[in-house]
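Okay, here's what each chain looks like letter by letter:
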Amino acid sequence: MKETALCLDAQISEILERRWPLLPEYEATRRLTKYHSRRIQYRRVRRHAIRSQLDALIGLTLDLGLSRKELFLLRVDHVHHDNESVVIWRSGVPYAGVWRSIEHTDRTRAAIERWLSTRDLLGVGTDPLWVSVYSEDDWHRPMTLDRFSRHLPVYIGPGWTLVRLKAAHQQSVLADELPTARGATRSARQEDPCRSCSTACG
């Protein structure tokens with residue numbers, strides 16, 4: 001992932017920082033703990049909770065290439081940051097049918113750790129990974145498929161679906177890799193001393 005892919009990441013990061021800034025770790029823990037004991041209002045932690053979940057969702061989409069269905073069916077134990085890999089069960093039911101695993105990247109591991117910590121401090125007790133953090137009335141409820149499908153357009157902007165995000169990332173990575181391959185060939189030719197040498201070597 002080089003210049004073009006990094007540009008896409010920077011574009012998304014700028015939107016997230018502007019709309020849903022993360023709290024510093026200590027302040028996030030302090031506020032979430034106070035909210036859990038109902039000493040502050042949900043609005044004091046809402047943007048941090050939304051961003052924590054978004055970072056986990058975007059990281060799993062871009063770094064691991066999971067499909068919308070695979071993402072939606074994830075459970076906490078499937079992605080835990082203490083695990084080496086994310087486990088994807090095709091049926092969404094552990095130990096039922098076909099499964100595969102994809103190793104965590106540094107980004108996905110850190111994002112999942114932050115999101116699971118946020119969930120725990122809020123007091124979320126559901127096994128499905130994604131919950132409706134938009135409002136105080138819903139943060140403890142698992143996301144419906146309809147709401148999950150509208151997640152990015154609501155929080156990032158119109159047109160930003162998981163499908164578009166994944167496609168844009170794949171195109172940007174491909175755009176970075178092709179020039180690199182051609183450049184490597186040119187460099188190899190330029191640096192080969194025998195191509196312009198008229199004297200037999202050795």
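Residues numbered from 1 in each chain as written. Predicted model: local features only at pLDDT ≥ 70, side-chain atom pairs only at ≥ 80, totals over all residues. Heavy atoms only, no water.

Novice: How should the overall build of the protein be read in this particular structure?
Specialist: A tally of helices and strands in the protein yields 9 helices and 2 strands. Along its sequence from the N terminus, the protein presents helices and strands in the succession α-α-α-α-α-β-β-α-α-α-α. The buried share among the 202 residues of the protein stands at 39%. Looking at the protein alone, contacts between residues at least 24 apart form 61% of all its contacts between residues at least 6 apart. Of the roughly 11700 Å² of accessible surface on the protein, a fraction of 51% belongs to carbon and sulfur atoms. (Helix = DSSP H or I, 4+ residues; strand = E, 2+ residues; numbered from the N terminus. Buried < 20%, exposed > 50% of the residue type's maximum accessible area, 1.4 Å probe, protein only. Contact = heavy atoms within 4.5 Å. Areas by Shrake-Rupley, 256 points an atom, 1.4 Å probe, with all protein chains shown as cover.)

Novice: I keep staring at the pattern of salt bridges and nothing clicks. Help me out?
Specialist: Side chains carrying opposite charge are able to pair once their charged atoms draw close together. Summed over the entire model, instances satisfying the criterion amount to 11 salt bridges. Of the charged contacts, one joins aspartate 138 and arginine 147 as a salt bridge, the two residues approaching to 3.3 Å between their closest N and O atoms. Accessibility expressed as a relative area gives 15% for aspartate 138, which makes it buried. Note that arginine 150 and aspartate 146 form a salt bridge whose closest N and O atoms lie 3.0 Å from each other. Residue classification places aspartate 146 among the partly exposed positions, given a relative accessible area of 48%. Via salt bridges that share partners, Glu17, Arg51, Asp55 and Arg114 belong to a single interconnected network. (Salt bridge = Lys/Arg side-chain N within 4 Å of Asp/Glu carboxyl O.)

Novice: Looking at this structure, how should I read the nonpolar core?
Specialist: Within soluble globular proteins, side chains that are nonpolar generally end up buried alongside one another. Within the largest apolar cluster, 46 residues are counted, with the highest numbers of intra-cluster contacts made by Leu60, Leu74, Leu122, Leu129, Trp130 and Leu152. Of all the secondary structure elements, the ones that give two or more residues to this core are α1 (3-19), α2 (25-36), α3 (46-64), α5 (76-79), β1 (85-89), α6 (106-122), α8 (151-155) and α9 (162-191). For this core, the leading source of residues is α3, giving 9 residues. Beyond its immediate stretch of four places on either side in the chain, leucine 122 contacts Leu32, Tyr35, His36, Tyr42, Val45, Ala49 and Trp139. (Core = buried A, V, L, I, M, F, W, Y, C linked by side-chain atoms within 4.5 Å.)

Novice: Looking at this structure, how should I read the packing of α3 against α6?
Specialist: Packed helix pairs are characterised by how far apart their axes lie and by the angle those axes make with each other. Direction vectors running N to C along α3 and α6 enclose 150°, while the axes themselves pass 8 Å from each other. Considered as vectors, α3 and α6 are oriented roughly antiparallel to each other. As for how α3 packs across α6, the hand of that crossing is left-handed. Two secondary-structure elements touch here, α3 through His48, Ala49, Ser52, Gln53, Asp55, Ala56, Gly59, Leu60, Leu62, Asp63 and Leu64 and α6 through Arg107, Thr108, Ala111, Ile112, Arg114, Trp115, Thr118 and Leu122. In the contact of α3 with α6, the residues fall into 9 nonpolar, 6 polar and 4 charged. (Axes fitted to C-alpha atoms, helices over the stretch in contact; angles between N-to-C directions. Parallel < 35°, antiparallel > 145°, perpendicular 65-115°, else oblique. Left-handed = near helix turned anticlockwise from the far one by under 90°. Nonpolar A, V, L, I, M, F, W, Y, C, P; charged D, E, K, R; others polar.)

Novice: Before we go on, may I ask you to explain the packing of aromatic side chains in this structure?
Specialist: We describe a pair of aromatic rings using the distance from one ring centre to the other and the angle between the two ring planes. Under the definition given, this model contains 8 aromatic pairs. Measuring from centroid to centroid gives 6.2 Å for tyrosine 35 and tryptophan 139, while their planes differ by 75°, and the two rings are edge-to-face. One end of the pair, tyrosine 35, is in helix α2; the other, tryptophan 139, is in the loop between α6 and α7 (145-149), with 104 residues separating them in the sequence. The class for tyrosine 35 is buried, based on a relative accessible area of 1%. Through successive ring pairs, a cluster of aromatic residues spans Trp20, Tyr134 and Tyr155. The ring of tyrosine 134 carries arginine 46 above its face, with NZ or CZ at 4.4 Å from the centroid. A cation sits over an aromatic face here: arginine 164 above tryptophan 160, 4.1 Å from the ring centre. (Phe/Tyr/Trp six-rings, centres within 6.5 Å; stacked < 30°, edge-to-face > 60°. Lys NZ or Arg CZ within 6 Å of the ring centre and 35° of its normal.)

Novice: I would appreciate a short explanation of the layout of surface pockets in the present structure.
Specialist: A probe matching the size of a water molecule, rolled over the atoms, marks out where space remains unfilled. In this model, the largest pocket occupies a volume close to 250 Å³. If you list the elements that add at least two residues to the lining of the largest pocket, you get α2 and α6. The dominant element in the lining of the largest pocket, judged by the number of residues it contributes, is α6, at 6 residues. Here the lining of the largest pocket is built from residues that sort into 7 nonpolar, 4 polar and 3 charged. Roughly 210 Å³ of internal volume is contained in the second largest pocket. Among the elements that make up the lining of the second largest pocket, the one with the highest residue count is α3 (5 residues). (1 Å grid on protein atoms, 1.4 Å probe; cavity = no way out; pocket = protein on both sides within 12 Å on 5 of 7 lines; lining within 4 Å. Points joined across faces, edges and corners; volume = space filled by probe spheres on them.)

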